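# Per-entry structural report
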Amino acid sequence: MLTNPDTSRSLVDATAGEQATQPAYRVRQHEEGFTILLALPGVSHDLLSVSTKQDTLTVTGQRAKDIPEEWKCHRSPPSPVAYRLVLQLHPDLDPSSIR
């Protein structure tokens, strides 16, 4: 089981002092374990970080500052956004099995 100790949609990372938004997410359980689906619009793999520390899973991402030329904005261009999701892992889950 995974729980989110912070239910606010926007939070301040105390270590970095920067504003971050909690992304929308879903947790699905299946025979092999759990899958976490995140909505991180505009975040590429190279700007995504997943880490574990003790019983906490942290996912951070940064939306790219530059919009690719092939994209068309129907509204104002998106501003850079930092995302941060912190989930507490159940004591029975092995953090080293996260992939």
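Everything below is about the structure shown above.
Position labels on residues start from 1 in each chain and follow its written sequence. In keeping with the model being predicted, local features are shown solely for residues with a pLDDT of at least 70 and side-chain atom pairs are shown and tallied solely at 80 or more, while totals for entire chains, interfaces and linings include all residues. Where side-chain values are given, they derive from all heavy atoms of the structure, hydrogens and water being excluded.

### A word on the environment of Ser 44
Condition: Working definition: helices are DSSP H or I runs of at least four residues, strands are E runs of at least two. Numbering for both runs from the N terminus. Only protein chains enter the accessibility calculation, which uses a 1.4 Å probe; a residue is then buried when its area is under 20% of its type maximum, exposed when over 50%, and partly exposed in between. Here a polar contact is taken to be a pair of N or O atoms separated by no more than 3.5 Å, where protein atoms must pair a possible hydrogen donor with a possible acceptor and residues adjacent in sequence count only if both atoms sit in side chains.
Within the element layout of this structure, Ser 44 appears in the loop between strand S5 (33-38) and strand S6 (48-53). According to the relative accessible area criterion, Ser 44 is partly exposed, its value standing at 30%. Note: C-alpha distance between Ser 44 and Ala 64 (20 residues apart in sequence) is 7.4 Å. A polar contact is formed between the side chain of Ser 44 and the side chain of Asp 46, at a distance of 2.3 Å.

### Describing unusual backbone geometry
Residue Gln 54 is not a glycine yet carries a positive backbone phi of 55°. Along the chain, Gln 54 falls in the loop between S6 and strand S7 (56-62). Given a relative accessible area of 69%, Gln 54 falls into the exposed group.

### Observations regarding the environment of Gln 22
Here Gln 22 is to be found in the loop between strand S3 (19-21) and strand S4 (25-30). Judged by relative accessible area, Gln 22 falls into the buried class, the value being 6%. Counting along the chain gives 64 residues from Gln 22 to Val 86, while the straight-line C-alpha distance between them is 8.5 Å.

### Description of the nonpolar core
As a reminder of what qualifies: We call a set of buried residues a nonpolar core when its members are Ala, Val, Leu, Ile, Met, Phe, Trp, Tyr or Cys and they connect through side-chain atoms within 4.5 Å of each other.
Ranked by size, the top nonpolar core spans 5 residues in total: Leu 57, Val 59, Leu 85, Leu 87 and Leu 89. For this core, the elements supplying multiple residues, two or more each, are S7 and strand S8 (82-89). When residues of this core are assigned to their parent elements, the largest contribution, 3 residues, is made by S8.

### Points about the environment of Ala 24
Tracing the backbone shows Ala 24 in the loop between S3 and S4. For the pair Ala 24 and Ala 39, spaced 15 residues apart in sequence, the C-alpha to C-alpha distance is 5.4 Å.

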